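If you want the building blocks of each chain, they are given just below.
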Amino acid sequence: MTYAHLVHRKYGYVPLKTCSLLSIELEVLYESSVDFENLRIHGFNTNAETMAQGLLNYLERLVGPIYLDLVKDLWVNATVTPTAIISFVLGHEIVVTEQLIRKLYNLDDEEGSTGALPGIFDWTAVEKEISTVVGVVSHQTGSLKPFYKVWAEIILGSLYHRKRSFTSTYIDPNQEYVLFCISKGIEVNISNILFQHLKTNIE
């Protein structure tokens, strides 16, 4: 019995394929796992306050097998609503929400920051903290201080995952502010960041 027949038998209709590409044409991007012990050996240390934000809960899950066909199945059938991503995998309905992500990763981050909100913080202070070039607009990881360069690689490879290209060193203001929050122990809403990033890529 085909996938379409399975869905029709269970739900009474065949879901619309929302992706114009065939499954075999899709490239699955792998989130980057983080070896904090190796980083520590090479002089990069994270404090307990930083990891208590829930980042460790998430990053530790980026280890293990990735089932490419299931990932592709999710993408080719995915549709989005303001609060959910709905798809079918192997004939089963899958609904992904911010709340589900929060539950799966055991995060308590609902009140956390999701990025740079205009007018509520001093951007100059952020620049002085994270960048080597103050007063010059730069959205390149190369202008970050060493500690933040490492964290930029971590969040761009896990929270804001994207294909390696000529834009790989670009970091936007929201991501820069998240770096600032990580260093200062300001809570980050990881669940919302993950959900919105997934939702945006599907849209």
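As a reminder, the structure under discussion sits directly above these lines.
First things first, this report covers the structure right here in the doc. The structure presented is a predicted model; accordingly, all values stated were derived computationally and were not measured.

The next thing to look at is the overall build of the chain. When you go through the chain residue by residue, the secondary structure sums to ten helices and three strands. Helices and strands appear in the chain in the N-to-C order α-α-α-α-α-β-β-β-α-α-α-α-α. Taken across its 203 residues, the chain has 36% of its residues classed as buried. Sequence-distant contacts, at least 24 apart, represent 69% of the contacts inside the chain between residues at least 6 apart. As displayed, the chain offers around 12000 Å² of accessible surface, 57% of which is attributable to carbon and sulfur atoms.

Among the nonpolar cores identified, the biggest contains 36 residues, and Leu 59, Trp 151, Ile 155, Leu 159 and Leu 179 are the most heavily contacted of them. Elements with a contribution of two residues or more to this core: helix 4 (55–59), helix 7 (123–130), helix 8 (146–156), helix 9 (173–184) and helix 10 (190–202).

All chains considered together, the criterion is met by three salt bridges. Linking Glu 129 and Lys 184 is a salt bridge whose minimum nitrogen-to-oxygen distance equals 3.3 Å. Within this pair, whereas Glu 129 is found in helix 7, its partner Lys 184 is found in helix 9, the two being separated by 55 residues in sequence. Judged by relative accessible area, which is 22%, Glu 129 ranks as partly exposed. One continuous salt-bridge network, built from bridges that share partners, spans Glu 98, Arg 102 and Asp 109.

What follows concerns unusual backbone geometry. Its identity is not glycine, yet Asn 106 carries a phi of approximately 55 degrees, on the positive side. Among the secondary structure elements, Asn 106 is positioned in the loop between helix 6 (98–104) and helix 7.

With that settled, the discussion passes to helix 9. Helix length check: helix 9, at twelve residues, gives a terminal C-alpha distance of 16 Å against a target of 16 Å (1.5 Å per residue), a fit within 8%. Those residues of helix 9 lying buried are Gln 175, Glu 176, Tyr 177, Val 178, Leu 179, Phe 180, Cys 181 and Ile 182. By the N-cap criterion, in which a side-chain oxygen at the helix start approaches the backbone nitrogen of a residue two or three places on, helix 9 is capped by Asp 172, the distance to Asn 174 being 3.0 Å. Of the residues one or two after helix 9, Gly 185 is the one with positive phi, at around 75 degrees.

All right, on to a negative patch on the surface then. Together, Asp 108, Glu 110, Glu 111 and Glu 187 make up a negatively charged patch on the protein surface. Of note, Glu 187 is situated in the loop between helix 9 and helix 10. Residue class for Glu 187 comes out partly exposed when judged on its relative accessible area of 31%.

All right, on to the sheet that holds strand 2 (residues 85–89) then. On the basis of which strands lie adjacent, the open sheet formed by three strands has the order 1-2-3 and antiparallel pairing. At either margin of the open sheet sits one strand with a lone partner, and together these are strand 1 (79–80) and strand 3 (92–96). Both strand 2 and strand 3 contribute to a ladder of five bridges, which runs antiparallel. Within the sheet, the bridge partner assigned to Ser 87 lies in strand 3 and is Ile 94. Against the sheet, helix 5 (residues 68–76) engages strand 2 and strand 3, with an angle of about 130 degrees to strand 2. Helix 10 rests against strand 1, strand 2 and strand 3 of the sheet, and its axis sits at about 70 degrees to strand 2.

What counts, and at which threshold
- Residues numbered from 1 in each chain as written.
- Predicted model: local features only at pLDDT ≥ 70, side-chain atom pairs only at ≥ 80, totals over all residues.
- Heavy atoms only, no water.
- Helix = DSSP H or I, 4+ residues; strand = E, 2+ residues; numbered from the N terminus.
- Buried < 20%, exposed > 50% of the residue type's maximum accessible area, 1.4 Å probe, protein only.
- Contact = heavy atoms within 4.5 Å.
- Areas by Shrake-Rupley, 256 points an atom, 1.4 Å probe, with all protein chains shown as cover.
- Core = buried A, V, L, I, M, F, W, Y, C linked by side-chain atoms within 4.5 Å.
- Salt bridge = Lys/Arg side-chain N within 4 Å of Asp/Glu carboxyl O.
- Expected span 1.5 Å × (residues − 1).
- Polar contact = N/O pair within 3.5 Å; in protein donor to acceptor, adjacent residues only side chain to side chain.
- Patch = residues over 30% accessible without salt bridge, like charges linked within 9 Å, V, L, I, M, F, W, Y side chains within 5 Å.
- Lys, Arg positive; Asp, Glu negative; His and termini not counted.
- Charge placed at Lys NZ, Arg CZ, Asp CG, Glu CD.
- Pairing = 2+ DSSP bridges.
- Axes fitted to C-alpha atoms, helices over the stretch in contact; angles between N-to-C directions.

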